[in-house]
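Examination of the molecular architecture
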Amino acid sequence: MADERWKDWPDVPPLDELPAAPRRIILHWTAGTYQAGNLEREHYHYLIDGDGKPVEGVPVALNMRDVSQGGRYAAHTRALNSYSVGVAFCGMFGATRTDFGQYPLTEEQVRRGCIFVGYLCHLWDLPVNEETVFTHAEAERLYGILQPGKWDIDVLPWAPTMTPREVGDWLRSQIRRAATLGRET
């Protein structure tokens, strides 16, 4: 990455180096601290730490296939891991719907993470809409696949009055803006 502003970003494989194109990006939180631990890195492709820095987990290429055939891959969303990229914001350890715990997602962290996800969409020519970029919490409504107990990300700690749908729409608006502008946000 030539631009100094992005020197700390992990290398992202271009589309022509992947076995297939990503069909969707699913957004999560880790339910951990602000740091990406080994367990989190085993379940997501990219993690956004508390400072908003992207950290690499499982290589994206491992999910660009039908993962029901077995082998190593990032298992981040029940029955939606094939051709999917999992991006998780580090935080929300011990959170409940009324108490966001000691590691609530921060607005700056999420905004920076949205810039990174926008870059992924730009690089992989993935349109930003409800079918292609959504939260784990939206997966059940959008795809009809049960995701028991998964409410990431249907609340933003700094805007707790937003509905889950408004949260998803807000995230997509930030990502869409970043994808449209490339890395220049």
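Anyway, here's the lowdown on the structure attached to this text. (Residues numbered from 1 in each chain as written. Predicted model: local features only at pLDDT ≥ 70, side-chain atom pairs only at ≥ 80, totals over all residues. Heavy atoms only, no water.)

1. A word on the pattern of salt bridges
Throughout the structure, instances matching the rule amount to 8 salt bridges. Where R97 meets D154, a salt bridge forms, and the shortest distance between an N and an O atom there is 3.0 Å. Of this pair, R97 sits in the loop between β4 (84–89) and α2 (107–123) while D154 sits in the loop between α3 (136–143) and α4 (164–181); the two residues are 57 residues apart in sequence, bridging distant segments of the chain. Note on R97: relative accessible area 53%, which makes it exposed. Here E130 ties to R172 by a salt bridge, and the two come within 3.7 Å at their closest N and O atoms. Linking E130 in the loop between α2 and β5 (133–135) with R172 in helix α4, this pair joins segments that are 42 residues apart in sequence. Judged by its relative accessible area of 21%, E130 is partly exposed. (Salt bridge = Lys/Arg side-chain N within 4 Å of Asp/Glu carboxyl O. Helix = DSSP H or I, 4+ residues; strand = E, 2+ residues; numbered from the N terminus. Buried < 20%, exposed > 50% of the residue type's maximum accessible area, 1.4 Å probe, protein only.)

2. Some remarks on the sheet that holds β5
Overall, mixed pairing links the 5 strands, which are arranged β3-β2-β4-β1-β5 in an open sheet. Since the sheet does not close on itself, it has two edges, and those belong to β3 (54–56) and β5, each with one partner. Pairs of neighbouring strands in the sheet enclose a mean axial angle of 25°, with direction left out of account. Where strand β1 (residues 24–29) and β5 come together, 3 bridges link them in parallel fashion. For I26, the partnering residue across the bridge sits in β5 and is F134. Its contacts with the sheet put α2 on β1, β2 (46–48), β3, β4 and β5, and the angle it makes with β4 is roughly 165°. Across the sheet, α4 touches β1 and β5, and the angle it forms with β5 is around 145°. (Pairing = 2+ DSSP bridges. Axes fitted to C-alpha atoms, helices over the stretch in contact; angles between N-to-C directions. Contact = heavy atoms within 4.5 Å.)

3. A few points about unusual backbone geometry
Note the cis peptide between D152 and I153, where omega equals -5°. Looking at the secondary structure, you find I153 in the loop between α3 and α4. Of note in the backbone geometry, A31 takes a positive phi value of approximately 65° without being a glycine. For A31, the location among the structural elements is in the loop between β1 and α1 (38–41).

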